[in-house]
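Letter by letter, the chains look like this.
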Amino acid sequence: MSEKEKELEQEVPADETETEEIAEEIIEEDAVEELPEEEAGESPEDKIKALEEAAAADKDKYLRLLAEYDNFRKRSIQEKLNASSDATARAALEVISVIDNFERAVAAECSDENYKKGVEMIYGQFLEVIKKLGVEEIDALGKEFDPNMHNAVSQVEDENFGENTVSQVYQKGYKLGDKVIRCAMVVVANP
């Protein structure tokens, strides 16, 4: 309700003619404020062009929002996969340290064959566990040195090996898919 309408309610006009004039004045003011742009001098072609531009802008906003949501969805899925892979890698790394100790135990001399056989069986079970997790041993001996997969702790000159080749493995390396969990600790021949 406009201010003039409020004034009309408060003042009682002397006659009906005055009331009609005031009412017409209020209607004309409201009509001027609410005139469509077309009546204010804009041609229909200009209005159509403006509406098409507005529609194109809205479509662009919609497509950008859709693309942003799609990227968010893909990123969320990738983060979940990475979190799962990282958790598996951490768990496998703990098991790998136990496997290292079992390898030392299997390599040690033992006079009790049953005891040695039991240790070998447990060692085999641990190897199966990490295999089920998707963890693989990095094959290093005799391969070309790769700083992404190997940790060189020493260098030697050896005619039996080619240039920049792994000649000895101190500690095995492991990977989960393409991700290296632990680099192989190696000696590099002929660097």
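This structure is a prediction, so every number in the text was calculated from the model and none was measured.

J.: Can you lay out the pattern of salt bridges for me, pointing to particular residues and giving the numbers?
T.: Applying the stated criterion across every chain yields a total of eight salt bridges. The partner of Glu103 in a salt bridge is Lys172, with the nearest N and O atoms 2.8 Å apart. Here the residue Glu103 occupies a position in helix α3 (residues 44-107), and Lys172 occupies one in the loop between β3 (165-171) and β4 (173-176), the gap between them amounting to 69 residues. Overall, the relative accessible area of 24% leaves Lys172 in the partly exposed class.

J.: Lay out the nonpolar core in plain terms, naming residues and giving numbers.
T.: If you look at the biggest cluster of nonpolar residues, it comprises 13 residues, and the most contacted ones within it are Ile96, Ile99, Ile130, Val135, Tyr174, Leu176 and Ile181. Mapped onto this core, the elements with two or more residues apiece are α3, α4 (113-132) and β4. Ranked by the residues each element gives to this core, the list is headed by α3, at six residues. Contacts of Val135, omitting those with residues within four sequence positions, involve Ala92, Ile96, Ile130, Tyr174, Lys175, Leu176 and Ile181. Counting residues in each nonpolar core, the second largest holds six residues, with Ala140, Phe145, Val166 and Val188 among its members.

Rules used in this analysis
- Residue numbers restart at each chain and count upward from 1, following the sequence in its written direction.
- For a predicted model such as this one, the threshold for reporting local features is a pLDDT of at least 70, and the threshold for listing and counting side-chain atom pairs is 80 or more; totals across whole chains, interfaces and linings nevertheless cover every residue.
- With hydrogens and water stripped out, all remaining heavy atoms of the structure feed into the side-chain values.
- Whenever a carboxyl oxygen of Asp or Glu lies within 4 Å of a side-chain nitrogen of Lys or Arg, that contact is scored as a salt bridge.
- Each helix is a run of H or I in the DSSP string that is no shorter than four residues. Each strand is a run of E no shorter than two, and both are numbered from the N terminus.
- Only protein chains enter the calculation, and the probe is 1.4 Å; a residue is then buried if its accessible area is under 20% of its type maximum, exposed if over 50%, and partly exposed in between.
- Only buried Ala, Val, Leu, Ile, Met, Phe, Trp, Tyr and Cys residues count toward a nonpolar core, and they belong to the same one when joined by side-chain atoms within 4.5 Å.
- Any two residues having at least one pair of non-hydrogen atoms within 4.5 Å are treated as being in contact.

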